[in-house]
Amino acid sequence: ASYASALHSANPSAAIWALTPLSLGASYSAPNVNGDTLADFRTQATSALTGSPNVTVLDGALIFPGSGAELNADAIHPNDAGHETIVDNIALELGL
């Protein structure tokens, strides 16, 4: 969590919110050439950041389920409704 530590050192009282990779649906669940999946990256990021001072880790798979065409512009990028879903879910997670 050296990046989080550097941010914390620069401004010790700042809240840091880290968002793990978003879910891109079943078509992106296969491992990459190194055998890693987006779920693996989410787990690794969460492990690296958990316990860092003032860091709140948000699970991208919960923030944006992302598998429905109604939320995606092109099966990778969120459309306007998808961005609204992301913002709404982040606000809920942060209690805003």
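Quantities reported herein were computed from a predicted structural model and do not represent experimental measurements.

A.B. asks: Explanation requested: the overall build of the protein chain in the structure shown.
C.D. replies: A tally of regular secondary structure across the protein chain gives 4 helices and 2 strands. Reading the protein chain from its N end, one meets helices and strands in the order α-β-α-β-α-α. Reported as C-alpha extents along the three principal axes, the dimensions of the protein chain are approximately 40 × 35 × 15 Å. Of the contacts formed within the protein chain by residues at least 6 apart in sequence, a portion of 56% connects residues at least 24 apart. Of the roughly 6,000 Å² that the protein chain leaves accessible, carbon and sulfur atoms contribute 59%.

A.B. asks: What exactly am I supposed to notice about the environment of Asn72 here?
C.D. replies: Inspection of the secondary structure puts Asn72 in the loop between helix 3 (60-63) and helix 4 (80-94). Between the C-alpha atoms of Asn72 and His83, which are 11 residues apart in sequence, the distance is 9.1 Å.

A.B. asks: Teacher, can you tell me more about the confidence of the model for the protein chain here?
C.D. replies: Detailed reading of the predicted coordinates is not advisable wherever pLDDT falls low. Residue-level pLDDT values for the protein chain average 85, and 94% of them are 70 or greater. Highest mean pLDDT in the protein chain belongs to helix 4 (92); lowest belongs to helix 1 (residues 2-10) (81).

A.B. asks: Could you clarify how one ought to interpret the pattern of salt bridges in this entry?
C.D. replies: When the charged atoms of two side chains lie near each other, side chains of opposite charge can form a pair. Scanning all chains against the criterion turns up 1 salt bridge. One salt bridge in this structure joins Asp59 and Arg42, with 3.9 Å as the shortest N-O distance. Taken together, the residues span a long stretch of sequence, with Asp59 in the loop between strand 2 (55-58) and helix 3 and Arg42 in helix 2 (residues 38-49) at a distance of 17 residues. Looking at Arg42, the relative accessible area reads 14%, which means it is buried.

Conventions we followed
Residues numbered from 1 in each chain as written. Predicted model: local features only at pLDDT ≥ 70, side-chain atom pairs only at ≥ 80, totals over all residues. Heavy atoms only, no water. Helix = DSSP H or I, 4+ residues; strand = E, 2+ residues; numbered from the N terminus. Contact = heavy atoms within 4.5 Å. Areas by Shrake-Rupley, 256 points an atom, 1.4 Å probe, with all protein chains shown as cover. pLDDT = per-residue confidence, 0-100. Salt bridge = Lys/Arg side-chain N within 4 Å of Asp/Glu carboxyl O. Buried < 20%, exposed > 50% of the residue type's maximum accessible area, 1.4 Å probe, protein only.

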